[in-house]
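Structural features, examined
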Amino acid sequence: MFAFLQTSPDLSVILQQTKELIMPEVLLLLFACAALVIDVLLPRQQKFLVAWLSIVGLLVSLVSLIFVYKGMGSSAKAGFFGMIVIDPYAVVFKMMFLIGALLAILLSIKYLDEEGEQRGEYYALILFAVVGMMFMASGVDLLTLFIALELMAISVYILVGYLRRDQRSNEAAMKYFLLGAFSSGVLLYGISMVYGMTGSTNLADIAKALPVVIGANYQPLGQAVDMRYLVLMSMILMAAGMFFKVAAVPFHMWAPDAYEGAPTSITAFMSVAVKAASFAMFGRIFLYGLPDLRGTLEGNATSHLPALPGWAVLLGVVSAITIVWGNLAALTQTNTKRLLAYSSISHAGYTLLGIIAGNQTGYTGFVIYLFIYTLMNLGVFGCIIALRRRGIIGDRMEDLNGLMKKAPWLTVMMTIFLLSLGGIPPTAGFIGKFYLFAGLIETGNPWLVRLAILAVLMSAVSLYYYLRFIRAMYIEAETEMQPVMQSWPLRIALATAALFVLLIGIFPQQLIALTQKAATGPKTYVYQNDGAEHAAPKSPPQSMPSPAPPPR
């Protein structure tokens, strides 16, 4: 039997593809399982060692990812019957998830010590969630993407309710779980409709089939049938499911409660890694699987078929509402975690601008902004975690009062992250917003230019509530005299994040070059003088090769 397995062509191909495509995920999965086993063997006082094992696992996975990227060559590689692909888009997002999880675990060590909840399953769940995220970035099949999404989501549901004796944590987990299950059902319904119309769950096959399905001459039953409304319904259902995952209006209602009730370290992890993974999947579905539904679907005057709007219009409207509502709702918040939840909602709207632009500048802004947002938002939540001490949760605005006198180093770190979130140069946040807004303006479309102007105005509004943090730290008198203690893992995480935020803001060329490679896969679009949108004549090829099946 063993000899047969060794000589089996199918098994040898699978092992080869595992080595070339998913070795980082396999290694991380092994470390996650090891974390669960070792946690049982360690005494209560040494549970924190599981955190360092998890950090080693993330670093090993990151090194493996670098080797996979180097072995990729000049073109993307696909495997597992076309369900997984390794391209620059996947590599950049996977790097983002690993760095985000690494910083989140460093922030978690102090927080769990303060809460008295230092247990190994916490870190194992983070690793399992990251495995799901990595498959969300490299999956090019709707079933692969959905299973990876659920692996991430279920792990995060548990982590949100990790503080079992905290009523707020339990309530947040229940709300998040119920709404998340509903959104997954909506997404799956949209997927099933697409499969029914195209006969495939592979994104490349779907992209090839949809132009035929929405064509005026489509005759599935021997006569012409207008399938455009059904196609648009499936697209809207999938968009609605993804809007929930990225906390875009009107599917944002879970975010403030989940962010406030979850452990602060998990709030930090959710706000960056989970959001980035959801956007990675969003980009895969809409930019790689549904590119021909982007613009207006042409009608037929002879058959009295009206033209129908594509998903770019839907995303534009949702983005505008999300940016406005997120920023305005944040103005009235007094709890820092709820305020940052609404801030995160507005940033989801900003990120959508890159997909809406449909050009290389917009796609570059889409990827680079998520990378930068991971660093600066983790930094802000890390500073809030540092305020957690005996008897003080640290999530009220008053807890920041007079922080400059008690912890000047922490105050400077917090200031850097807040200015970056506001898009103030020379921080990295300015670079990200510059590319997002420039992508819209480059189109020359008057409506997209107006959307860019709205986004700039709302960025100015966001400075008001970010300056509330700075005012409390530098100007307000101290309300809590208890000193702020900062563990060295937390210091390492904050210093690393702040250093990258400043370096990327001053020397952004390396990150821009990397993200530009990740942005060359999706089809690009140009706007003619009449305002109509057309595919660019020399758009980059879809980086989703369809490999031949393994020999039998």
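Residues numbered from 1 in each chain as written. Predicted model: local features only at pLDDT ≥ 70, side-chain atom pairs only at ≥ 80, totals over all residues. Heavy atoms only, no water.

Quick look at the overall build of the protein
Helix and strand counts for the protein come out as 21 helices and 4 strands. By residue count, 60% of the 552 residues in the protein fall in the buried class. Surface accessibility of the protein: about 21,700 Å² in total, with carbon and sulfur atoms responsible for 68%. (Helix = DSSP H or I, 4+ residues; strand = E, 2+ residues; numbered from the N terminus. Buried < 20%, exposed > 50% of the residue type's maximum accessible area, 1.4 Å probe, protein only. Areas by Shrake-Rupley, 256 points an atom, 1.4 Å probe, with all protein chains shown as cover.)

Side note on the pattern of salt bridges
In the structure shown here, the tally under the stated rule is 9 salt bridges. Salt bridges sharing partners connect three or more residues here, namely Arg 168, Glu 171, Lys 175, Asp 257, Glu 260 and Arg 338. (Salt bridge = Lys/Arg side-chain N within 4 Å of Asp/Glu carboxyl O.)

Some thoughts on the environment of Asn 377
Tracing the backbone shows Asn 377 in helix H15 (residues 360-386). Not counting residues within four places of it along the chain, the set of residues in contact with Asn 377 comprises Ser 271, Val 272 and Leu 421. (Contact = heavy atoms within 4.5 Å.)

So, the nonpolar core
In a soluble, globular protein the nonpolar side chains are often hidden away together inside. Ranked by size, the top nonpolar core spans 201 residues in total, and within it Phe 93, Phe 97, Tyr 176, Met 270, Leu 290 and Phe 417 carry the most contacts. Residue contacts for Leu 290: discarding those within four places in its chain leaves Ile 206, Leu 210, Met 235, Met 238, Ile 285 and Trp 311. (Core = buried A, V, L, I, M, F, W, Y, C linked by side-chain atoms within 4.5 Å.)

Some points on the packing of aromatic side chains
Inspection of every chain in the model, using the stated rule, returns 24 aromatic pairs. Aromatic pair Tyr 122 and Tyr 123: ring centres 5.1 Å apart, planes at 80°, arrangement edge-to-face. According to the relative accessible area criterion, Tyr 122 is buried, its value standing at 0%. Overall, Tyr 123 belongs to the buried group, its relative accessible area being 0%. Considering the side-chain rings of Tyr 157 and Phe 177, the 5.6 Å spacing of their centres and the 85° angle between planes classify their relative orientation as edge-to-face. One end of the pair, Tyr 157, is in helix H7 (residues 142-160); the other, Phe 177, is in helix H8 (residues 167-198), and 20 residues separate them in sequence. In this structure Tyr 157 comes out as buried when scored by relative accessible area, which is 8%. Chaining the aromatic ring pairs together yields one cluster made of Tyr 89, Phe 93, Phe 97, Phe 243, Phe 251, Phe 279, Phe 282, Phe 286, Tyr 288, Trp 311 and Phe 366. Its end group placed over the ring of Trp 409, Arg 491 keeps NZ or CZ at 5.0 Å from the ring centre. (Phe/Tyr/Trp six-rings, centres within 6.5 Å; stacked < 30°, edge-to-face > 60°. Lys NZ or Arg CZ within 6 Å of the ring centre and 35° of its normal.)

Side note on unusual backbone geometry
Here the amide bond leading from Val 249 into Pro 250 is cis, since omega sits at 5°, within 30 degrees of zero. Position of Pro 250 among the secondary structure elements: in the loop between helix H10 (228-246) and helix H11 (254-261). Residue Pro 426 follows Pro 425 across a cis peptide bond; omega there is 5°. With a phi close to 55°, Phe 80 is a non-glycine residue in the positive phi region. Among the structural elements, Phe 80 can be located in the loop between strand S1 (77-79) and strand S2 (84-86). Looking at Phe 80, the relative accessible area reads 18%, which means it is buried. At Phe 81, a position not held by glycine, the phi torsion is positive, near 60°. Among the structural elements, Phe 81 can be located in the loop between S1 and S2. Among the residues examined, Phe 81 registers a relative accessible area of 53% and is labelled exposed.

Points about a nonpolar patch on the surface
Taken together, the side chains of Leu 36, Val 37, Ile 38, Val 40 and Leu 41 define a hydrophobic patch exposed on the protein surface, amounting to about 470 Å² of accessible area. Structurally, the position occupied by Leu 41 is in helix H3 (residues 23-41). (Patch = residues over 30% accessible without salt bridge, like charges linked within 9 Å, V, L, I, M, F, W, Y side chains within 5 Å.)

Let's talk about helix H6 (residues 120-138)
An ideal rise of 1.5 Å per residue puts 27 Å on 19 residues; H6 measures up with 28 Å between its terminal C-alpha atoms. The element H6 is largely enclosed, with a buried count of 17 among its 19 residues. (Expected span 1.5 Å × (residues − 1).)

Description of the confidence of the model for the protein
Parts of the model with low pLDDT should not have their predicted coordinates read in detail. When pLDDT is averaged along the protein, the result is 85; 89% of the residues meet or exceed 70. Predicted confidence is poor over residues 1-5, with pLDDT under 50, and the contacts of this stretch with residues over four places away or in other chains come to 1 contact. (pLDDT = per-residue confidence, 0-100.)

Re the packing of H7 against helix H12 (residues 264-289)
Packing of H7 against H12 leaves a shortest axis separation of 11 Å and a crossing angle of 170°. Compared by their axis directions, H7 and H12 come out roughly antiparallel. Taken together, the residues of H12 that come into contact with H7 (itself represented by Leu 142, Leu 145, Phe 146, Leu 149, Met 152, Val 156, Leu 159 and Val 160) are Ile 266, Met 270, Val 274, Ala 277, Ser 278, Met 281, Arg 284 and Ile 285. Looking at side-chain class alone, the contact of H7 with H12 contains 14 nonpolar, 1 polar and 1 charged residues. (Axes fitted to C-alpha atoms, helices over the stretch in contact; angles between N-to-C directions. Parallel < 35°, antiparallel > 145°, perpendicular 65-115°, else oblique. Nonpolar A, V, L, I, M, F, W, Y, C, P; charged D, E, K, R; others polar.)

Considering the packing of helix H17 (residues 408-421) against helix H19 (residues 446-474)
It is at 9 Å that the axes of H17 and H19 come closest, and there the two elements cross at 165°. The angle between H17 and H19 places the two elements in the roughly antiparallel class. You can see that H17 and H19 cross each other, and the crossing is left-handed. Within the contact between the two elements, H17 uses Thr 411, Val 412, Met 414, Thr 415, Leu 418, Leu 419 and Leu 421 and H19 uses Tyr 466, Phe 469, Ile 470, Met 473 and Tyr 474. Classifying every residue of the contact of H17 with H19 gives 10 nonpolar, 2 polar and no charged. (Left-handed = near helix turned anticlockwise from the far one by under 90°.)

Brief notes about the environment of Ala 247
In this structure, Ala 247 sits in the loop between H10 and H11. Sequence separation of Ala 247 and Ser 344 is 97 residues, and the distance between their C-alpha atoms is 8.0 Å. Setting aside residues no more than four positions away along its own chain, Ala 247 makes contact with His 252, Trp 254, Ala 255, Lys 275, Thr 322, Ile 345 and Ala 348.

Re the side chain of Ser 278
Here Ser 278 shows up in helix H12. A relative accessible area of 0% places Ser 278 in the buried class. Setting aside residues no more than four positions away along its own chain, Ser 278 makes contact with Met 136, Met 152, Met 242, Lys 245 and Val 246.

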